[in-house]
Amino acid sequence: MPLPSPSRVRPALLAAGCAALLALTVSVPSAAAPVRPEPAGAGSVVLDWYDTTARTVAATAAPAQITNSRTWAVGWIAAARAAREAPGGGPSRGRFQDAAVASAVHDVLVALAPSRKDDLDRALASSLSGIPDGPAEDRGVAAGARQARAVLAARAGDGLDPASSNTPFPVAPAAPGIWQPTPDGYAPAIQYGNRLARPFLLERADQFRLGPPPALDSDRYRADLEEVRAYGAADSAVRSPRQTETANFWYSGSLTLYTDVLRVAVARSHGSTADRAALLALFHAASVDTQIATSDSKYTYVRWRPVTAIRTGSIGTDPAWRPLHNTPAHPDYPSGHATYAGAAQAVLDALAGPVTETFDLTSPTAPGVHRAYSGWAQLTRDNVDARVYSGIHSRTADEAGARLGETVGRYALRHADRLLSGRL
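Residues numbered from 1 in each chain as written. Predicted model: local features only at pLDDT ≥ 70, side-chain atom pairs only at ≥ 80, totals over all residues. Heavy atoms only, no water.

What the protein contains, in helices and strands, is 16 helices and two strands. Put simply, the protein has 424 residues, and 56% of those count as buried. Contacts in the protein between residues at least 24 apart in sequence constitute 82% of all its contacts with a sequence separation of at least 6. Surface summary for the protein: the accessible area is close to 16,200 Å², and the carbon and sulfur share equals 55%. (Helix = DSSP H or I, 4+ residues; strand = E, 2+ residues; numbered from the N terminus. Buried < 20%, exposed > 50% of the residue type's maximum accessible area, 1.4 Å probe, protein only. Contact = heavy atoms within 4.5 Å. Areas by Shrake-Rupley, 256 points an atom, 1.4 Å probe, with all protein chains shown as cover.)

This is how it looks when you write it as structure tokens:
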């Protein structure tokens with residue numbers, strides 16, 4: 001069954017997704033009202049541990065993005081579950097939640113990045129020094145430690161480590177439409193093992209498998225290929241400077257760029273410590289599940305990349321054609337950048353509202369460039385365009401990827417209570 005288009009998905013998501021969003025009380029503004037920043041100091045423990053997680057992942061980065069996404073997910077699922085154990089109201093509730101979040105994320109990161117223990121211990125001491133001593137703090141610390149142990153144990157052997165992610169893929173003999181290693185380097189396929197990993201919320205990797213890509217002799221495929229040939233060539237005469245900038249900007253990894261994006265959403269949230277932790281847990285659980293679903297569709301259809309099609313295909317073969325950017329070593333359909341963006345948009349639209357005050361974003365693959373955004377859909381749009389302008393994806397692969405990611409994100413939102421209550 002074809003997936004619904006994003007334009008039909010978002011209104012239903014905002015109307016029904018938040019109602020199904022369990023006991024979360026994250027404030028969702030209307031599309032006409034931008035999110036306002038929280039007062040200084042509000043939610044500081046969440047932001048402190050957000051930055052500590054980002055710093056830890058950057059310092060110990062695994063060679064597989066999904067492994068780094070898993071680190072974020074495990075830490076913040078533990079934090080969200082622990083924060084939900086907070087008793088009653090009053091000051092003790094906030095103190096419990098802050099201590100629980102700090103303790104949970106600390107313990108998960110120490111377990112997954114032991115080389116960073118000293119830095120993490122200092123960060124925990126700093127957080128706890130800002131919380132008044134007493135039973136609320138003590139119980140929060142204990143809840144965080146307990147949930148960290150539980151989530152780490154539950155996720156042991158989930159197949160999201162780099163070796164499992166890059167399980168060898170047997171390449172089929174060369175044939176029209178079939179993926180082959182690409183220049184430069186002709187590296188073996190990567191991320192095949194993601195489809196074999198255990199998701200956080202999806203029932204199975206193929207739960208939302210895409211339908212097949214357009215036939216090679218279809219008008220849509222010819223149009224896709226001609227667009228990439230013209231706009232994605234290294235020496236393109238039609239790609240504008242702005243389009244080249246878009247390609248360069250979004251050539252960076254999705255987790256890297258969305259780390260800054262997500263921090264904006266968290267900092268501007270009006271929710272409690274528990275709500276903010278839940279947003280982070282859902283975002284990263286959805287991103288992991290999306291990467292699993294992406295790998296499933298990629299390695300089901302093993303569609304060749306544009307560079308292979310243009311150099312060796314039957315539609316105006318051009319053996320000298322080169323893309324603007326080197327092609328990643330996995331099949332074309334769907335685009336992983338676009339699926340990540342689609343999932344991110346689904347979660348952020350629902351939990352932070354679809355629009356926000358304009359924020360500035362930079363990219364390590366476009367030094368000196370600043371992009372201004374005021375809505376998460378704008379990020380998805382640029383991801384879709386960027387991979388065409390890079391010469392590494394067909395537009396069909398990008399658009400299908402955005403729909404797939406959005407579908408997985410919506411599923412995560414509908415089943416969030418299972419994730420946050422520990423009923424998995």
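Once the structure has been displayed, the description carries forward.
Next up on the list: empty space enclosed by the protein. Counted under the stated rule, the structure contains one cavity of 30 Å³ or more. Empty space within the largest cavity amounts to approximately 40 Å³. What lines the largest cavity is simply P213, P214, Y221, D224, R303, D332, Y333, S394 and T396. Considered class by class, the residues forming the lining of the largest cavity number four nonpolar, two polar and three charged. (1 Å grid on protein atoms, 1.4 Å probe; cavity = no way out; pocket = protein on both sides within 12 Å on 5 of 7 lines; lining within 4 Å. Points joined across faces, edges and corners; volume = space filled by probe spheres on them. Nonpolar A, V, L, I, M, F, W, Y, C, P; charged D, E, K, R; others polar.)

Within this structure, the stated rule accounts for 15 aromatic pairs. On the numbers, 5.7 Å between centres and 70° between planes, the contact of Y301 with Y333 is edge-to-face. Taken as a pair, Y301 in helix 11 (residues 273-301) and Y333 in the loop between helix 12 (306-312) and helix 13 (336-352) lie far apart in primary sequence, 32 residues in all. By relative accessible area, Y333 is classed as buried at 5%. The interplanar angle of 35° and the centroid separation of 5.7 Å between the aromatic rings of F359 and W376 together place this pair among those described as tilted. Residue F359 is found in strand 1 (residues 355-361), and its partner W376 is found in helix 14 (residues 376-389); the two are separated by 17 residues along the sequence. Comparing F359 with W376, the two get one shared label, buried. Sitting over the face of the ring of F200, R155 holds its NZ or CZ atom 3.8 Å from the ring centroid. Here the guanidinium or amino end of R303 rests over the ring plane of Y221, the centre of that ring lying 5.1 Å away. (Phe/Tyr/Trp six-rings, centres within 6.5 Å; stacked < 30°, edge-to-face > 60°. Lys NZ or Arg CZ within 6 Å of the ring centre and 35° of its normal.)

Bringing the nonpolar core into the picture now. Soluble, globular proteins show a tendency: their nonpolar side chains are buried together. Judged by nonpolar contacts, the single largest core of 87 residues is most densely connected at W49, W76, F200, W250, Y258, W376 and L419. Counting residues per element, this core draws most heavily on helix 11, which supplies 13 residues. Among the domains, domain 1 (42-165) and domain 2 (176-423) are the pair contributing at least three residues each to this core. Grouped together as the second largest cluster of nonpolar side chains are twelve residues, L225, V228, I310 and Y389 included. (Core = buried A, V, L, I, M, F, W, Y, C linked by side-chain atoms within 4.5 Å. Domains from an automatic or database assignment.)

Their axes nearest at 8 Å, the elements helix 14 and helix 15 (residues 395-414) cross at an angle of 155°. Here helix 14 is positioned roughly antiparallel relative to helix 15, judged by the angle of their axes. Taken as a pair, helix 14 and helix 15 cross one another with a handedness that is right-handed. Contact residues: T380, V384, D385, R387 and V388 in helix 14; R395, D398, E399 and A402 in helix 15. Grouping the constituent residues of the contact of helix 14 with helix 15 by class yields three nonpolar, one polar and five charged. (Axes fitted to C-alpha atoms, helices over the stretch in contact; angles between N-to-C directions. Parallel < 35°, antiparallel > 145°, perpendicular 65-115°, else oblique. Left-handed = near helix turned anticlockwise from the far one by under 90°.)

Here we come to helix 10 (residues 254-267). Along its 14 residues, helix 10 runs 20 Å from first to last C-alpha, staying within 8% of the 20 Å computed at 1.5 Å per residue. A bend of about 25° at D260 is the largest found in helix 10. Within helix 10, ten of the 14 residues are buried, which leaves the element mostly enclosed by the surrounding structure. Considered for burial, the residues of helix 10 that qualify are S254, L255, L257, Y258, T259, V261, L262, V264, A265 and V266. (Expected span 1.5 Å × (residues − 1). Bend = angle between axes of the 7 residues up to and from the residue.)

Another point: the layout of surface pockets. By volume, the largest pocket is sized at about 510 Å³. Q65, Q191, P328, H330 and H337 are, among the 27 residues lining the largest pocket, the residues nearest its centre. Put simply, the parts of the chain that give the lining of the largest pocket at least two residues each are helix 3 (65-83), helix 11 and helix 13. The element contributing the most residues to the lining of the largest pocket is helix 11, with five residues.

Glancing now at the environment of R395. Here R395 shows up in helix 15. Measuring from C-alpha to C-alpha, the distance between R395 and A223 comes to 9.3 Å, with 172 residues separating the pair along the chain. Those residues within four positions of R395 in sequence are excluded, and the remaining contacts are R220, D224, E227, V384, D385 and V388. At 3.0 Å, the side chain of R395 forms a polar contact with the side chain of E227. (Polar contact = N/O pair within 3.5 Å; in protein donor to acceptor, adjacent residues only side chain to side chain.)

In this model, helix 15 (20 residues) spans 29 Å end to end at C-alpha, consistent with the 28 Å of a helix rising 1.5 Å per residue. The element helix 15 is extensively covered by neighbouring structure, given that 17 of its 20 residues are classed as buried.

Opposite charge on two side chains permits pairing when their charged atoms draw close. Applying the stated criterion to the full structure yields 24 salt bridges. Between E245 and R242 there is a salt bridge, with the nearest N and O atoms lying 3.3 Å from each other. Placement of the pair is E245 and R242 together in helix 9 (residues 241-249), with a separation of three residues, close to one helical turn. Via salt bridges that share partners, R195, E203, R204, D206, R209 and D296 belong to a single interconnected network. (Salt bridge = Lys/Arg side-chain N within 4 Å of Asp/Glu carboxyl O.)

Purely geometric stuff here, so don't read any function into it on its own.
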